Every structure is written in C-alpha cells, then in structure tokens.
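Structure assessment
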Amino acid sequence: MVPVILAGCSNNGATQPEDAGNGNTGERETSAVYELGQEPLSFSFYGHYDWYTMPTWGGDLSTKWIQENMKVDVTPVSSGGNASQKFSTMIVSDSLPDVIWMERGPDVEKLRAEGLLVAFDDYLDKYPNLKEWAGDSTLDMLRSPDGKLYQFPNWYTTQPNGNAGYLVNKKIYNDLGQPPLATTDDLYAYLKLVKENYPNVVPLEVGQSGTGLDILSTSFAEDRPYIFNTMMAVPNGDEFTSIFTDPVYREAMQYSSKLYREGLITQDAFTQKLEQVEQKVLNGQIAVYAASSPTEFGAIGHSLLSAEDPEAGYIMVWPFHKQGLDKDRIYPGDYKQLGWNVSVITKAAEDPEAIFAFLDWLTGPEGQRIIFWGPEGIYWEGTDEEGAPLFTEAFTTDHKGRDELMNATVNFQWNGNTVYIDNSKMKFESTLPPEDQSWETYWQSEITWKTQFNTTEYVNLDPAGDSNEGIIAQNVSEIYDKARAQAILNAKSDEEVAAILDRAEQDAQRANYAELLAYKTERWQENKSKLD
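Just so it is clear, the model here is predicted, and its values are computed rather than measured.

**Some words on the environment of Asp309**
- Examined against the element boundaries, Asp309 turns out to sit in the loop between helix 12 (295-308) and strand 12 (314-317).
- The partly exposed category is assigned to Asp309, whose relative accessible area is 23%.

**A word on the confidence of the model for the protein**
- Counting all residues, the mean pLDDT for the protein is 92, and 94% of those residues have values of 70 or more.
- Under a pLDDT of 50 for its full length, residues 1-26 has, in the predicted model, 61 contacts with residues more than four places off or in other chains.

**Topic: helix 10 (residues 247-261)**
- With 15 residues, helix 10 extends 21 Å between its outermost C-alpha atoms, agreeing within 8% with the 21 Å of an ideal straight helix rising 1.5 Å per residue.
- All buried positions along helix 10 are accounted for by Val248, Tyr249, Arg250, Ala252, Met253, Tyr255, Ser256, Ser257, Leu259 and Tyr260.
- Along its buried surface, helix 10 packs onto helix 7 (184-197), strand 8 (202-205), helix 8 (211-217), helix 9 (227-231), helix 19 (468-489) and helix 20 (494-510).
- After helix 10 finishes, the residue Gly263 shows a positive phi value of roughly 70°.

**Description of the pattern of salt bridges**
- The final tally for this structure, using the stated rule, is 27 salt bridges.
- In this structure, Asp246 engages Arg224 in a salt bridge whose closest nitrogen and oxygen atoms are separated by 3.0 Å. With a gap of 22 residues between them, Asp246 in the loop between strand 10 (239-241) and helix 10 and Arg224 in the loop between helix 8 and helix 9 connect regions that are remote in the sequence.
- Given the relative accessible area of 9%, Asp246 is considered buried.
- One salt bridge in this structure joins Asp238 and Lys528, with 4.0 Å as the shortest N-O distance. Taken together, the residues Asp238 in the loop between strand 9 (234-236) and strand 10 and Lys528 in helix 21 (residues 513-531) connect sequence positions 290 residues apart.

**Considerations on unusual backbone geometry**
- Despite not being glycine, Lys71 has its phi angle at roughly 55°, a positive value.
- Relative to the helices and strands, Lys71 resides in the loop between helix 1 (61-69) and strand 4 (72-77).

**Points about the packing of helix 17 (residues 418-429) against helix 18 (residues 439-446)**
- For the pair helix 17 and helix 18, the least separation of the axes is 11 Å and the interaxial angle reads 100°. With respect to their mutual orientation, helix 17 and helix 18 come out roughly perpendicular. Taking contact as the criterion, the partners of Lys425, Met426 and Glu429 in helix 17 are, on helix 18, Thr441, Gln444 and Ser445.
- Partitioned by chemical class, the residues of the contact of helix 17 with helix 18 number one nonpolar, three polar and two charged.

Reading the values: rules and limits
Residues numbered from 1 in each chain as written. Predicted model: local features only at pLDDT ≥ 70, side-chain atom pairs only at ≥ 80, totals over all residues. Heavy atoms only, no water. Helix = DSSP H or I, 4+ residues; strand = E, 2+ residues; numbered from the N terminus. Buried < 20%, exposed > 50% of the residue type's maximum accessible area, 1.4 Å probe, protein only. pLDDT = per-residue confidence, 0-100. Contact = heavy atoms within 4.5 Å. Expected span 1.5 Å × (residues − 1). Salt bridge = Lys/Arg side-chain N within 4 Å of Asp/Glu carboxyl O. Axes fitted to C-alpha atoms, helices over the stretch in contact; angles between N-to-C directions. Parallel < 35°, antiparallel > 145°, perpendicular 65-115°, else oblique. Nonpolar A, V, L, I, M, F, W, Y, C, P; charged D, E, K, R; others polar.

Encoded structure:
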C-alpha cells in the first residue's frame, strides 16, 4: 500500500511547538509532515475508566489492517479496575503512558497545570481532519485556561445524535394487545399489566445503578435533559438552583419510588452488574428498558430473539411524557458538540506529533471507515463523491459477520467522527426497504436522534477535585446518591420521598452547596458567552 501522507497546509515558517518532541527522538523540521505508514509507530494507551479494558490490538480485522498497512502498534495500559488509584500512581511515579483516554474536566486540567501534556495547536493545519470536522467553536470550547488545545474529542458533532430512550419487548407488547404507551400514566398501567401476566419478567429494567430512573425523570417537564440530575444543579433564569428542592425532580422521584414499591422496576437496580442487565435484555426477560443507550444491548437482543421467533424482538417508543406536556419537547437524552470524552498526549511520548497524525487520520473519513466497518473489500468497496463508503451486498446479507466485526472495534473508537459516521449510515439506509435496514439505525432515524437535547452550554462545569469547590462537590454528591437510593428503596409514600429530599437539601446547604452552585453558574455563563 502507498503510505498515506497526512498533509494540509504545510505551516511553513511555524516554530517548533515547545511541547513537541520533548527532547526525544521524534523531533523533525517544523514544516515536515509525518507520513503515516512510512515507519513503525508504537505508543502506549491508557483508558482512564474502571470498566475499560482495551482489546488486543491487531486481534480484529480493522486494527490488524492498521497494524499492517499503517505500521501502528498500540500497547494497552490497564486501570486494573481502579482508575483513580492508577491515575495517581502514574503521576507520582512519573510513569505516564503516551496517550490517556479520559473524561474532560478536572483530571485533564490537573495534568495540564503540572506541565504533563502536549498542546496540539501547531498540528491542526498540518493534519486537518480534526479542525475540518469538529470546527473552531468546538475546539475553542475544549481549550484550556492558557488558551491552548490539549484535548482530542471523541464523538464530537454538529448535529443531534444519541440513543437514550425506551426499548419495548415486542412479543410481550403484542400479546398484551398493544395498549397505548405515550404518557407516564400509560407506562404505569402497562407495567402493572406485565407484572400480572408475566411474573418472571422485569416490567421496567432501569439498568446498573438505576440509571434508567434519570431517563424517566425527563418525562415530567419539557426541555429538561437528565444531565441536570447528574450536574446536581437546575437552571432557573441565569443561575443554578438546588436539585433537591426542584419540583420536577421531586415529582420524578416520587413516581419512581412508587414503581419500586409496587415491584414494577428492577428490585436490585442499585446492586446488579452490567452483565446481568445485558443477559436480561438478550434473553427477553424485560418488558421495557430505559437507558442512555438501550440500543447497545437492544440490537443484539433483537437479532437473537427474532432469529428464534419472527414475532419476537424489540421496538422503541417515543419518550413518555406527563399528561398535558408537549411530547415533542421531552428529551430523554442529550448531545454535546464536544461529544463524549477526549484523548490527551502526554510528554512521555517520544513523538507526539506522529501520535497526533495517527489520531487525526483515525478521525478522518478513511480511518473512520476502517475502524467502524472494517478494511475495504468486505463490507464496503470504494466511496461516493462525498467520501461515504459504498457498501457491498455482504453488508446487508452477512448480518452476523458484519455485527461481529463492528462489535469487535467498539472499544477502539477513541476519536469518533459523529457527523461522518451518522451521515454515511443514513445515506445508505435510506436506499433500503424498512425490512433490510439496520435495527439500530432505523430507530435512531425514527426516534432517538429526534429526542436528544443540545447541552453543550453545560460542559466543563465541574471543579478540580482538590479545590474547595471540588471538596464541596464530593460531599454534595454523596448526599445526592444517598438520598436518591433512600427515596427509591426505603420510602413508603410520596410524603416520605419529600421528607428525604428535604433532609438532603439541609445537609447539602450545611456542606456549602450554595457555593458550589455559584461556581457552576459562573462556568455556565462563561460557556454561553463562547457559544453566542
């Protein structure tokens, strides 16, 4: 294969970035463009999550192609199931990996403030995919207080995306006569019907740690994403106010508590493991599933169940809404221009520019086609005039092989380009009859992408963990988690839920919650000024 030359503007006359090279062997003339595939490139990669274990690089068709054709090898660094401890140990022992894949926010700024990260600014024109696809406004939102860019975003976007919502077991729904499923009253009646007729089925599965309850809370107000719960802050005018006193949150908690008391939702929601949730969905042991990404298990479950019984499988329904609200202003999920998480390159890297060149290639059209749909010649062959892949017959006939390939690379999608991937999928799917369309893509186009709220203005609100506000945030978070669990698991009435939240409000205020809300309000207003 001819090596890919990742060239944009050559940036002649630019000065060598002080972070690049770091005195290591990767230094090159500032105008020279790193040619991916000309020489071997190896770097270490750490996913900063308890749950993340990087699959074997080269163990699937996509990364094997990259390994052989781009001469790129990636060595995993494991968190060992304790990312916080691993992160601290790496910093203290000066043993940082070359790349860290992590959440935006305090941990990134901790590394940046200690001078441990490489800035990307002098690379953006030489390797132009990120700049072209993410756009200046997204990159500006990612800049650190010193004005430089250190973060390479994942699943950034300029259009709605996301899968949050509700999965419904089609077989059970049809057997019960397809009753209305639109309002929260409809949902309550349906769950009771399921419990009466299917004693071995979970009426409403809410996932690990009860995350589906946050999805459900969005049913009780218009234009209210569940991120307000996780932020522990609710916008009122130009400031944030308490989640504990918020009438919408209180009503949602009372509704969820009632469902739990009556055995209509997962009884071990706060203790079950993700694998248990997955098995219930794949085996059809749930009637309704609320989650931030129910399609992840739903697509596999639908394939397995419908293969055994054409009448079985899963459908999705429009998000539930409280009677009287506008159903088209209910948003069970959200999206942000900045996407999900980020990759940072540390000064431990011998050749940071080469790593950036690879990440930039990976986020571009060719890299995305390969990491998402495999090497050319199996499920796609060539591209159209806009760079979208031309899918082969095997893409629609070899469902098993295609899905296995795509599932194998999910945990390598570190620099997802949402607009390219989504538009390529939709362009192809629109040419197919409904019965041949991808289950997941069909429901994304019909429901989920239409019901995600743009929450870009609420990013980067969290304080550094070791700051005064960060300590307050940790204390308030513990109060929030405890109150949430008590309201669901222990409360015997709506009045008891209210009393639990009243006590949480008092405890939070004693922990200087007002100071945290003021801090978040200030960050929020700064974001809004950048987006105006």
